[in-house]
2 protein chains.
Amino acid sequence: MSTPPKGASPRTPLNRERVARAGVRLADESGIDAVSMRNLAQDLGVVPMALYKHVSNKDELLDEMINAILLEIEPLPADFEWKSALRHRILSARQALLRHPWAPHVIESRQSASPVVLDYMDSLVGIFIKAGFSLDLTHHAMHALGSRMWGFIQEVFPTPASPNDPAEQAAMFAHFAARYPNIIEMATAADHPDETRTTQGCDDQFEFEFALDLLLDGFERLHQSAWSSKTHSRTSSTKLESAVRGKRN
Amino acid sequence: MSTPPKGASPRTPLNRERVARAGVRLADESGIDAVSMRNLAQDLGVVPMALYKHVSNKDELLDEMINAILLEIEPLPADFEWKSALRHRILSARQALLRHPWAPHVIESRQSASPVVLDYMDSLVGIFIKAGFSLDLTHHAMHALGSRMWGFIQEVFPTPASPNDPAEQAAMFAHFAARYPNIIEMATAADHPDETRTTQGCDDQFEFEFALDLLLDGFERLHQSAWSSKTHSRTSSTKLESAVRGKRN
DNA sequence: ACCTGAACACCGTTCAAGT
DNA sequence: ACCTGAACACCGTTCAAGT
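Attention here is on the structure that accompanies the text. What you see is a predicted model; the values in this text were computed from it and never measured.

## Structural notes on the packing of helix H4 (residues 82–98) of chain A against helix H6 (residues 115–130) of chain A
Residue and element names in this part refer to chain A.
Now for step 1: For the pair H4 and H6, the least separation of the axes is 9 Å and the interaxial angle reads 160°. Considered as vectors, H4 and H6 are oriented roughly antiparallel to each other. Taken as a pair, H4 and H6 cross one another with a handedness that is left-handed. The segment H4 lies against H6, with Trp82, Ala85, Leu86, Arg89, Ile90 and Ala93 engaging Tyr120, Ser123, Leu124, Ile127 and Phe128.
Now for step 2: Of the residues that constitute the contact of H4 with H6, the class distribution is nine nonpolar, one polar and one charged.

If you want it as C-alpha cells, here you go:
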C-alpha cells in the first residue's frame, strides 16, 4: 500500500478551513514563497485544480490563511480599563503573529477586510468609545496605531548585508563609521555592544511596547485635554490641537 | 524605418541607473506587477538577459528602483530645530513616495539597506543626537517611527469589498451596522458623512501628520523629563519610564 | 454532471550553442 | 570573447476532453 501524502489523509474531504490551515502550516514550515497552489495541492494529495473548489483564487487562499491566524487572538480581557485592555489585546495579537513570521507581509498585501478582521477592529474601536473618547479622536487614534494594532511593525531595512570574512567585516565597519557616524554612534551605545552589526542586539518586544505605550499615553493626554476643555494647550502641534478641538481644516 | 521601442533609444547604452529608472517608470504606469525582467527588457528594446549585465537579479533591480526614488527626498533644511527638521524631512519623503504608490510595499519587502537608505537614516539619527537626545532614546525613537520615517504607513485593510448594486449596498450597510456597531458609529461621525463606505472620506495626509506629531511630542516629552532628571514622573508606563532612566530590564 | 489532464500565458534564471 | 536563443523549472488559471 502506498503511504498517504504528508497532509490530511485522503479520506477526510477538503474544505475551506482545512485548505487554509494547510496553507498556514506550509508557510510556517517552508516560507510563504513555498505556498503555491500547485505546492499546496501536492501537500494535500490532490490535483491543483481541486483547490479551486474551496477558494476561488490564490488571494482568497491568503485571506483565509490570515483569518485562521487572527482567530488565535485572545478575546477581550474582563478587566476593562481602556489602556490596559488595548495593550493586552494588541500584545495578544502580536503573540499570534509572532508564530507566523510571514503573516505581517501577507496582511499588508491584502486589499479588503474580512469579517474576522472587522471583528477585531470593531473591538478596538469599542474600547475607545466605551472609555468616552470622542469619535474623531477614536478615528485618529486608530489611524495612528496603523498596522501596530495587529501587533507588528514592519522593520524596514533591518540589517545591511554583512560579509562573513572578518577582515572584510572590519573594513566595512570602518567604512560605516566614516559614512554613517550617527548610526554607528547610536548602535555602539546599545545594551549589547559586543555586536558589530548595526541594528542587531535590540529587543524587538521592548521596542514594540515602547512605541505602543508612547501612542497610548498620547491618546490619553489628548483625551484628557479634550474633556477638560482646556484648548489653550501648551503644545505647538497644530494637527493635535485641531484634532482635540474637533476641527479639521 | 521601424520606430524605436517605447523606452530609451537603442543608441544610448544601458546602465544600472537607466534600467532602474525604466523600472520606476514602468511601475508608475502599469503597476508593480507589470515589472518583470521580460517586460522591462521589452520596454527597453533589449533581450531579457541583457538586463542581467546591469543588475544581478530582480531583487537588485527593485533595490535600485527604491534608491532612485529616495534620491528625490529633499536634503536637510537649513532651519535646524530638531522637531521641525524631522517633520520637514519625513514629510518630504512622503511627497516623494506618494508619486510612486507601489513603493511602500516594495520598500517593506527589501532585505538589506542600501547606502542611499543608510544616508537617510543617518541624517535622522543625526537630528536627534544634535538636539541632545540620549543615544538610547534616539534608538527607541527611530524604532517607534518605524516605516513612518519613510513618510508612509501601510494602511491595513482599508476598504471592505463593496458591491455596486445599491440595494445590495444598503443590505450590506444594515448587516454592518448590526455586526460592527462601533466601526459604523466612528465612520458615520467622520467629517464627510455623505459617504457610506466605512473608512472612506478621511484625509490621509491629516492622519499621517497627526500620528507623526503625536510621536514627536512624545519624544520631546521623554527627552525633557530625562534631562530634567525628574524620574518620579506621573506616567504609569513602565517601558517609557525605564527607557528614560536608560535601564532596559 | 462531474472531474481533471493538458494547455495557456506567463515568471526568473541558466547555459550551451552560435558568432 | 562575447552575446543570446532556447531551455529549465516553475507560476496561477482556464478549459475542453474524458468518464
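## Looking at the pattern of salt bridges
All names here are of chain A.
Now for step 1: Per the counting criterion, the structure on display carries 24 salt bridges over all chains.
Now for step 2: The shortest N-O distance in the salt bridge between arginine 25 and aspartate 43 comes to 3.5 Å. Here aspartate 43 lies in helix H2 (residues 37–44) and arginine 25 lies in helix H1 (residues 16–30), a separation of 18 residues in the sequence.
Now for step 3: By relative accessible area, arginine 25 is classed as partly exposed at 29%.

## Re the interface of chain A and chain B
Now for step 1: Taken together, the 77 residues of chain A in the interface contact 77 residues of chain B.
Now for step 2: For the pair chain A and chain B, the summed buried area comes to about 7,200 Å², and 64% of that belongs to carbon and sulfur atoms.
Now for step 3: In this assembly, chain A and chain B are joined by two salt bridges.
Now for step 4: If you list the elements that add at least two residues to the side of chain A that touches chain B, you get H4, helix H5 (103–109), H6, helix H7 (135–145), helix H8 (166–179), helix H9 (181–188), helix H10 (204–227) and helix H11 (238–244) of chain A.
Now for step 5: Top element by residues in the side of chain A that touches chain B is H10 of chain A. It accounts for 14 residues.
Now for step 6: When grouped by side-chain class, the residues that make up the side of chain A that touches chain B number 37 nonpolar, 19 polar and 21 charged.

## Description of the packing of H6 of chain A against helix H9 (residues 181–188) of chain B
Two quantities define a packed helix pair, namely the angle between the axes and the distance from one axis to the other.
Now for step 1: Axis separation between H6 of chain A and H9 of chain B bottoms out at 7 Å; the angle between their running directions is 65°. Here H6 of chain A is positioned roughly perpendicular relative to H9 of chain B, judged by the angle of their axes. In terms of crossing hand, the pair formed by H6 of chain A and H9 of chain B is left-handed. Contact with H6 of chain A, carried on its side by Leu118, Met121, Asp122, Val125, Gly126 and Ile129 of chain A, involves Pro181, Asn182, Ile183, Glu185 and Met186 of chain B of H9 of chain B and no other residues of that element.
Now for step 2: The class makeup of the residues in the contact of H6 of chain A with H9 of chain B is seven nonpolar, two polar and two charged.

## Observations regarding the protein's contact with DNA strand C
Now for step 1: Every residue near DNA strand C is listed here: Arg38, Val47, Met49 and Lys53 of chain A together with Ser36, Met37, Arg38, Asn39, Met49, Tyr52, Asn57 and Lys58 of chain B.
Now for step 2: Among atoms of DNA strand C positioned within 4 Å of the protein, sugar and phosphate together represent 44%.
Now for step 3: In this structure, a phosphate oxygen belonging to DNA strand C sits 3.0 Å away from a main-chain N or O atom of lysine 58 of chain B.
Now for step 4: For the surface near DNA strand C, the leading source of residues is helix H2 (residues 37–44) of chain B, giving three residues.
Now for step 5: Broken down by class, the residue content of the surface near DNA strand C amounts to five nonpolar, three polar and four charged.

## Here's the deal with the protein's contact with DNA strand D
Now for step 1: In the neighbourhood of DNA strand D, 13 residues make up the surrounding shell, with Met37, Arg38, Tyr52 and Lys58 of chain A together with Met49 of chain B lying closest.
Now for step 2: Taking the atoms of DNA strand D that fall within 4 Å of the protein, sugar and phosphate contribute 44% of them.
Now for step 3: Serine 36 of chain A is positioned such that a nitrogen or oxygen atom in its side chain is 3.1 Å from a phosphate oxygen of DNA strand D.
Now for step 4: Methionine 37 of chain A places a main-chain nitrogen or oxygen 3.0 Å from a phosphate oxygen of DNA strand D.
Now for step 5: Here the element with the most residues in the surface near DNA strand D is H2 of chain A; it accounts for three residues.
Now for step 6: Considering only residue class, the surface near DNA strand D consists of six nonpolar, three polar and four charged.

## Some points on helix H7 (residues 135–145) of chain B
Now for step 1: Within H7 of chain B, ten of the eleven residues are buried, leaving the element largely enclosed by the surrounding structure.
Now for step 2: Of the residues trailing H7 of chain B, glycine 146 of chain B is marked for its positive phi of about 60°.

## Some details on the packing of aromatic side chains
Now for step 1: Tallied over the full model, the rule gives 14 aromatic pairs over all chains.
Now for step 2: Arranged with centres 6.4 Å apart and planes meeting at 20°, the rings of phenylalanine 206 of chain B and phenylalanine 210 of chain B form a pair that is stacked. Linking phenylalanine 206 of chain B with phenylalanine 210 of chain B, this pair stays in helix H10 (residues 204–227), spanning four residues, or about one helical turn.
Now for step 3: Residue classification places phenylalanine 210 of chain B among the buried positions, given a relative accessible area of 0%.
Now for step 4: The structure contains a cluster of three or more aromatic residues connected by ring pairs, namely Trp82, Phe128, Phe133 and Phe219 of chain A.

About the thresholds
- Residues numbered from 1 in each chain as written.
- Chains lettered and ligands numbered in written order.
- Predicted model: local features only at pLDDT ≥ 70, side-chain atom pairs only at ≥ 80, totals over all residues.
- Heavy atoms only, no water.
- Axes fitted to C-alpha atoms, helices over the stretch in contact; angles between N-to-C directions.
- Helix = DSSP H or I, 4+ residues; strand = E, 2+ residues; numbered from the N terminus.
- Parallel < 35°, antiparallel > 145°, perpendicular 65-115°, else oblique.
- Left-handed = near helix turned anticlockwise from the far one by under 90°.
- Contact = heavy atoms within 4.5 Å.
- Nonpolar A, V, L, I, M, F, W, Y, C, P; charged D, E, K, R; others polar.
- Salt bridge = Lys/Arg side-chain N within 4 Å of Asp/Glu carboxyl O.
- Buried < 20%, exposed > 50% of the residue type's maximum accessible area, 1.4 Å probe, protein only.
- Buried area = accessible area lost by both parts, 1.4 Å probe.
- Near = heavy atom within 4 Å.
- Polar contact = N/O pair within 3.5 Å; in protein donor to acceptor, adjacent residues only side chain to side chain.
- Phe/Tyr/Trp six-rings, centres within 6.5 Å; stacked < 30°, edge-to-face > 60°.

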